[in-house]
Each structure stands twice: as structure tokens, then as C-alpha cells.
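# Structure at a glance
Residue-level listing of the chains:
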Amino acid sequence: MADHKDLLDILRQTDGYLSGEELSRQLGVTRAAVWKKIEQLRQEGYEIDSVTRRGYRLTGIPDSISEAEVRANLSGKGTFGCHIVSLPSVDSTNEEAKRQGDAGAPHGSVFVADEQTGGKGRLGRRWVSAPGSGLWFSILLRPDVLPSEITGITLLSAVAVCRGIHALTGCDARIKWPNDVVIGTKKVCGILTELSAEMEHVHYLIPGIGINTNNGAFPPELSDRATSLKIETGQDVRRAVLLGKILEEFEDLYNRYGVSSFPEEYCSLCVSLGRPVSLTRGGRKLTGIAAGIAPDGALLVQTQEGEKIAVTSGEVVVQGFYGENCNGNYF
Ligand code: BTN
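Residues numbered from 1 in each chain as written. Predicted model: local features only at pLDDT ≥ 70, side-chain atom pairs only at ≥ 80, totals over all residues. Heavy atoms only, no water.

### As for the side chain of S272
Put simply, the rule reads: Under the scheme used here, helices are H or I runs from DSSP no shorter than 4 residues and strands are E runs no shorter than 2 residues, and both carry numbers assigned from the N terminus. Partly exposed describes any residue whose relative accessible area lies between the buried limit of under 20% and the exposed limit of over 50%, with all areas from a 1.4 Å probe on protein chains only and scaled to the type maximum. Between two residues, a contact is recorded if the distance between any of their heavy atoms is within 4.5 Å.
Here S272 is to be found in the loop between α10 (265–269) and β10 (276–281). On the basis of relative accessible area, S272 is assigned to the buried category, the value being 1%. With near-sequence residues (within four places) excluded, S272 lies in contact with I175, K176, W177, A290 and V318.

### A few points about the layout of surface pockets
Threshold: Site definitions follow a grid-based scheme: protein atoms alone, a 1 Å grid, a 1.4 Å probe that fits but cannot get out for cavities, and for pockets an open set with protein on both sides within 12 Å along at least five of seven lines, plus lining residues having an atom within 4 Å of a point. Grid points are joined across faces, edges and corners, and a volume is the space filled by probe spheres set on the points. Residues are sorted three ways: Asp, Glu, Lys and Arg are charged, Ala, Val, Leu, Ile, Met, Phe, Trp, Tyr, Cys and Pro are nonpolar, and all the rest, Gly among them, are polar.
If you add up the space inside the largest pocket, you get close to 480 Å³. Taken together, 19 residues make up the lining of the largest pocket; nearest its centre are R122, T154, P178, N179 and T312. Going through the elements one at a time, α6 (153–169) and β8 (186–198) are the ones with two or more residues in the lining of the largest pocket. Residues of the lining of the largest pocket, tallied by class, amount to nine nonpolar, eight polar and two charged.

### Remarks on the environment of P207
On the secondary structure map, P207 appears in strand β9 (residues 201–212). The class of P207 is buried, set by a relative accessible area of 0%. Residue contacts for P207: discarding those within four places in its chain leaves N94, F137, S138, I139, L141, I153, S157, L192, T193 and F250.

### Structural notes on the sheet that holds strand β13 (residues 308–311)
The cut-off we apply is this: Pairing between strands requires that DSSP locate at least two bridges from one strand to the other. Axis geometry follows a simple rule: fit a line to the C-alpha atoms, using only the stretch in contact for helices, then measure angles between N-to-C directions, giving values from 0 to 180 degrees.
If you walk across this open sheet you meet the five strands as β13-β12-β11-β10-β14, and the pairing is antiparallel. At either end of the open sheet lies a strand with only one pairing partner, and these are β13 and β14 (316–318). Each neighbouring strand pair of the sheet contributes to a mean axis angle of 40 degrees, computed without reference to strand direction. In terms of strand pairing, strand β11 (residues 284–293) meets strand β12 (residues 299–303) through five bridges, oriented antiparallel. Within β12, the residue paired with G288 across the bridge is T303.

### With respect to the packing of helix α1 (residues 4–12) against helix α3 (residues 31–43)
Our working definition: Here the angle decides the label: under 35 degrees means roughly parallel, over 145 means roughly antiparallel, 65 to 115 means roughly perpendicular, and every other value means oblique.
Packing of α1 against α3 leaves a shortest axis separation of 9 Å and a crossing angle of 85 degrees. When the axis of α1 is compared with that of α3, the two are roughly perpendicular. Between α1 and α3, the contacting residues are H4, L7, L8 and L11 on the first element and V34, K37, I38, Q40 and L41 on the second. Residue composition of the contact of α1 with α3, by class: six nonpolar, two polar and one charged.

Next up, the structure:
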């Protein structure tokens, strides 16, 4: 039995008007049923123009992250998005991915939510995820590698986000090592990658991505370090379209680099390189220049003392940027 999503698919594929009679013929339902489905779509926020003797035409699509809307914006190539779980509200899309990962959800599953009530940032921080304000999603990956071989995935994810943002908005999104996505000097996206593994086997890997899309403004204590796509472009972003673009880029990069390496493009997008940085190591405060990225994703720092050290985690402050003590969205 055709439902209102089938009607939506037909309207999407049609440029002009379609009569109620034609729609009832294509869907195999009565004209009264067509009218009911039109009303249901309108209630979901779709704008549908109706003109006597011409019929119906889709004129506006809401900023919905429903499964139907996400699916309509996938390029249809493949694995990423084979299984889409869209939720109005969840504790954290990473937690949902873990629950479903433990229950056997397939490689390439995507978990997206309008709101996260327990959104998680790096280093145990909170990630504020109010309804409608951002794109909060996680991808479940099942690579056949050892736990030590996953060092490229967060870097690769950041490149996919930059490409997706640029394709949709034209914004020059770049990366602050290791995987904050920034526009100018402000954070627009954070990535938290989680892992379930044994010594010799990765069960699954979950890059969780949070993008500030439609926040109109941030409170004063955050406005110098956090931004959103709406603040940058002056326009609302349709999150399902952005998600589709990022998944397309993600799949392309994943198929080429897997989880153990990352694209060279990372280095040209990374704003940390060539800048003065400071960090604390073994209780010592060090300063130097971010000189490169090692094959395992570590930041190579040329210190003032003349050493070249590899930094894999911890506090690195890049001159001119917000410090690591900010996750770009929490209050
Ligand atoms: C950071 O601290 O910069 C990382 C933030 C990661 C937030 C995303 S939103 C989707 C996914 N679910 C979570 O709970 N966290 C990640």
C-alpha cells in the first residue's frame, strides 16, 4: 500500500504540477486518499502548492533529518547509508551506534538525531545538541584491522566534513589538528571517534560528527570561538543535504584510504601547520612550530629547544586559535 513517502517521491521527481487524478493513478489509491497524504506531508513541513485543474506541486522542503529526507539526498552509490536510523531525540548518536553495533548493525550504518540529550565531546566534555540547531550523526564502521591500525579515521572524517561543507555552502572549512573543523579561527564542527575492540580485532569504530548548522548566535563567552554555517553564510542549511554530501565524500575517501591512512589533502586543509604552538609534556611547557603530520596522524612539533617531537594527544594550543579547553559549543 502506497504511503505519503511514495507520494513525496513522485512530487520530488516532477518539475511542474501533477493532477490529483494522475497521482491517484500512479499510487493506486483514491483521490481522497491522495488529498489526505498531501495534508500529512504539509503537516510535516513540506510546502505543496495546489491549483484548480492543474493539481499539486512541491515548492518547499523542510529542514528535516527524517530517514526519507536523508535517503533522498544520498547519491545512491553505496554502503554508507545502507541502514539509516533517524531519531527525533536520543542520548547520543554515538551511544545509539554502539547499542546497534553490539546488536549487529551493518558496516556503513548511519545514526542521526534532531536532538541529543547527552551529547558527548572529547575528553569527557558535554556537547550541547539542541533540536534543529545542528547536524549530529555517527557512522558505524567495521574495518578488518587491528586496534593499532585505525589512526587515520578521525583525520579522514575531518577532510570529508570540510569537503561537504565547502560543496554545500562554499565556506572555506579547514582543520585544526587533529579533527576540529574551523571556519576562520572559529570552531564549526567537532568529531569524537569511539571504538569497540579486543587486542587482535576491531568490532567496530564510530566517528561521531557534530556540526553547528543553524544556530543564529552563540552566547558572548563562546562567540569568539564558535560559529555555525548560518552565521557564516546568513542562510539556513538543510541538514539532510549536508549529511548526504558528507556521506558521499566519506565513502569516496574511505574506499581510497581505509582507516589506517589519510589523504594528503589533510595537510593542505590543516590550519595548525606552520603556526607557533604550545603544549605541556611531562609537566614541561614547550613551545615550537607545528611542522608536519606523521603517517600515524601525530602532530610533529619543532620545539624552540631544537627537538622534533610527535604529539598524539593532549593540550596543543595553536597561536591565534581557541585553546583545547573549548569544544566550540558547550555552555
Ligand atoms: C569535540 O569535543 O569536539 C567532539 C564533539 C563530537 C560531537 C558529536 S555529535 C554526534 C556524536 N554524538 C555525540 O554524543 N558526540 C558526537
